[in-house]
Amino acid sequence: MPKISQKGAAMPQSPIRKLVPFAEAAYKKGKTVYHLNIGQPDIKTPEIALDAVKINSLEILAYTRSEGSDEYRAKIANYYSQHDISVTKEDIIVTTGGSEALLFAFGSIMDVGDEVIIPEPFYANYNGFSTASGVNIVPVISKIEDNFALPPIEEFEKLITPKTKAILICNPGNPTGYLYTREEIKKLAEIVIKHDLFLIADEVYREFAYDGITHYSIMQEEGLEEHAIMIDSVSKRYSMCGARIGCLVSKNKEVMSTVLKFAQARLSPPTLAQIASEAALQTPQSYFDDVKTEYVARRDILIQELEKIEGVKVAKPKGAFYCIVELPIKNSDVFAQWLLEDFDVDGETVMVAPAAGFYSTPGVGLNQIRIAYVLQKESLVKAVHILKEALKVYKD
């Protein structure tokens, strides 16, 4: 029998999606499942984006340019200008989601065996992107006790080798909700300039910054023009996960010409989704104000309820809509499956994301879960109650 590749065998399963079969089995048993496992917002997509597709009069659904349509990229540049980010459409390549943008970035700046330093825990698919690209992740561990703050800069410098090509951050962070300060971005800028590295920032949660804190982009930092690569997406900003439209932004011309070659190999990003995403840029600020208010309320009630459970530790997020929760258990993979297969409260249970998959260091995060607070407040309270009752009877 023919064999699959070593790379294919090494590709990690998604900790977010691997429990889906168990959730489906729970549904078949008649259970209600509260999904705390995946960052699919329940916020409505702006009508202006949906209407742009519904009323479109296209007669041929044709390719666009490989870098995305001129009109859309020009409007994205204008959107960034409203956030104190000065770029032109030539600095932007539209991609099929932020995921493709990250794959293009990895492929453009790193060869097989090269290294990227990432503070962990990090978005689980970074493990997959690195495996697909033949790149090695070198983790810098941040701790729940420190609210997942950036480790001292000296910890980064200790890890830099001749194989190091980049530092990658997610800001605000998935899965921690950590929001990097301006001072932390400046420290990272110093280190990448000193060691001639790239700084990649996944900024798809830019709009979700709380408690009066303003998001600071790597594209705002002077002197980083040749080092900065920003990843972005419409998925969370406009609750348009299914559109699969993102972009890669950089002022480094050599990076952009290389990324374009990858973009040409897949021909073009989806046309209808670009039309919807272009229209979404007209979404009024009031939409984001309302969404932020809702997520802050959800965060606060979630943290409040979790802190009532004995033995549970939780870091308070400053952005995005996730938090890491440490439980008084040994293995959250086993616990998460048990919740779906063997436990319920009046026919209701919860689905969580085991956090070990958000680390690359073996054995770390085994007693942690990630919770996405993308449900209504009443549902969050119910879900935490179920979690509390489950911990009372669960045996490792």
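Think of each chain on its own: its residues are numbered from 1, step by step along the sequence as written. This being a predicted model, a pLDDT of at least 70 is required before a residue's local features are given, and a value of 80 or more before pairs of side-chain atoms are given or counted; all residues contribute to the totals for chains, interfaces and linings. Each side-chain value is derived from all of the structure's non-hydrogen atoms; neither hydrogens nor water enter the calculation.

Draft legend 1. How the structure looks around the pattern of salt bridges. The working definition used for a salt bridge is a side-chain nitrogen of Lys or Arg within 4 Å of a carboxyl oxygen of Asp or Glu. Under the defined criterion, the tally for this structure stands at 27 salt bridges. A salt bridge links Glu145 to Lys313; its shortest N-O distance comes to 3.4 Å. Separated by 168 residues along the polypeptide, Glu145 in the loop between strand 4 (136-141) and helix 7 (153-159) and Lys313 in strand 9 (residues 313-314) bring together distant segments of the chain. A 1.4 Å probe rolled over the protein chains alone gives each residue an accessible area, and that area as a share of the maximum for its type sets the label: buried under 20%, exposed over 50%, partly exposed in between. Residue Lys313 is classed as partly exposed on the basis of its relative accessible area, which comes to 34%. Through salt bridges with shared partners, one network takes in Arg65, Glu67, Asp70, Arg73 and Lys89. Numbering goes from the N terminus for both helices and strands, where a helix is a DSSP run of H or I of at least four residues and a strand is a run of E of at least two.

Draft legend 2. Seen up close, the environment of Ser99. Here Ser99 shows up in helix 5 (residues 97-109). Put simply, Ser99 and Val296 are 197 residues apart on the chain and 26 Å apart in space, counted from C-alpha to C-alpha.

Draft legend 3. Region of interest: the environment of Ala10. One can find Ala10 in helix 1 (residues 6-10). Judged by relative accessible area, which is 46%, Ala10 ranks as partly exposed.

Draft legend 4. Structural view of the domain arrangement of the protein. Domain delimitation in this document rests on an assignment produced automatically or drawn from a domain database. Taken as a whole, the protein is organised into domain 1 (6-44 + 286-393) and domain 2 (47-281). Once you take the C-alpha centre of each, domain 1 and domain 2 turn out to be 25 Å apart. Note on contacts: a residue pair qualifies if any of its non-hydrogen atoms lie within 4.5 Å across the two residues. On the side of domain 2, 35 residues touch domain 1, which itself brings 39 residues to the contact. For any pair of parts, buried area is found by adding up, for both, the accessible area (1.4 Å probe) each one loses once the two are put together. Between domain 1 and domain 2 the total buried area reaches about 3,200 Å² when both faces are included, carbon and sulfur atoms providing 60% of it. Counting the surface domain 1 buries against domain 2, the share from its top three residues, Phe288, Lys318 and Phe358, is 19%. Inspection of the domain 1/domain 2 interface yields 3 salt bridges. No other element matches the 7 residues that helix 11 (residues 285-306) contributes to the side of domain 1 that touches domain 2. Classifying every residue of the side of domain 1 that touches domain 2 by side-chain character gives 24 nonpolar, 6 polar and 9 charged. Amino acids are sorted into nonpolar (Ala, Val, Leu, Ile, Met, Phe, Trp, Tyr, Cys and Pro), charged (Asp, Glu, Lys and Arg) and polar (every other residue, Gly among them).

Draft legend 5. Geometry of the packing of helix 5 against helix 6 (residues 125-133). The convention used is that axes are lines fitted to C-alpha atoms, helices contributing only their stretch in contact, and that angles between N-to-C directions extend from 0 to 180 degrees. Between helix 5 and helix 6, the shortest axis-to-axis distance is 10 Å and the interhelical angle comes to 40°. Judged on the interaxial angle alone, helix 6 and helix 5 are oblique. Considering only the axes of helix 5 and helix 6, their crossing is right-handed. In this structure, helix 5 uses Ser99, Leu102, Leu103 and Phe106 to contact helix 6, whose residues at the interface are Tyr126, Phe129, Ser130, Ala132 and Ser133. Grouping the constituent residues of the contact of helix 5 with helix 6 by class yields 6 nonpolar, 3 polar and no charged. Roughly parallel refers to an angle under 35 degrees, roughly antiparallel to one over 145, roughly perpendicular to one between 65 and 115, and oblique to any angle outside these ranges. Left-handed describes a crossing whose near helix is turned anticlockwise from the far helix through less than a right angle; right-handed describes the clockwise counterpart.

Draft legend 6. Spotlight on the pairing of strand 6 (residues 198-202). Judged by how many residues are buried, strand 6 sits mostly within the fold: 5 of 5 residues are covered. The side-chain alternation of strand 6 yields two buried faces, one formed by Phe198, Ile200 and Asp202 and the other by Leu199 and Ala201. Pairs of strands are assigned from DSSP output, requiring at least two bridges between the strands. Note that strand 5 (residues 164-170) and strand 6 share 5 bridges and pair parallel. Bridging from a neighbouring strand, Leu168 pairs with Ile200 of strand 6. Looking at chain direction, strand 6 and strand 7 (residues 228-233) are connected through 4 bridges and run parallel. Paired with Ile200 across the strands is Ile229, a residue of strand 7.

Draft legend 7. Seen up close, helix 11. In a regular helix each residue adds 1.5 Å, so 22 residues correspond to 32 Å; helix 11 covers 32 Å between its end C-alpha atoms and thus fits that length. Among the residues of helix 11, those classed as buried are Tyr287, Phe288, Val291, Glu294, Tyr295, Arg298, Arg299, Leu302, Ile303, Glu305 and Leu306. Taken around the axis of helix 11, the buried residues stretch over an arc of 160°, which confines them to a single face. In helix 11, those exposed residues whose orientation departs by more than 90 degrees from the buried face are Asp290 and Thr293. Each element contacted by the buried residues of helix 11 is listed here: strand 9, strand 10 (322-326), strand 13 (368-372) and helix 13 (377-393). The span you would expect from a helix comes to 1.5 Å times its residue count less one. Working note: the arc is built from the helix axis to C-beta atom directions.

Draft legend 8. Main features of the pairing of strand 13. For strand 13, the buried fraction is high: 5 of the 5 residues fall into the buried class. Of the two faces of strand 13, both are covered, the one formed by Gln368, Arg370 and Ala372 as well as the one formed by Ile369 and Ile371. Here strand 10 runs beside strand 13; their pairing, made up of 5 bridges, is antiparallel. When the sheet's bridge partners are listed, Val325 is paired in strand 13 with Ile369. Strand direction decides the pairing type here: strand 12 (residues 353-354) and strand 13, joined by 2 bridges, are antiparallel.

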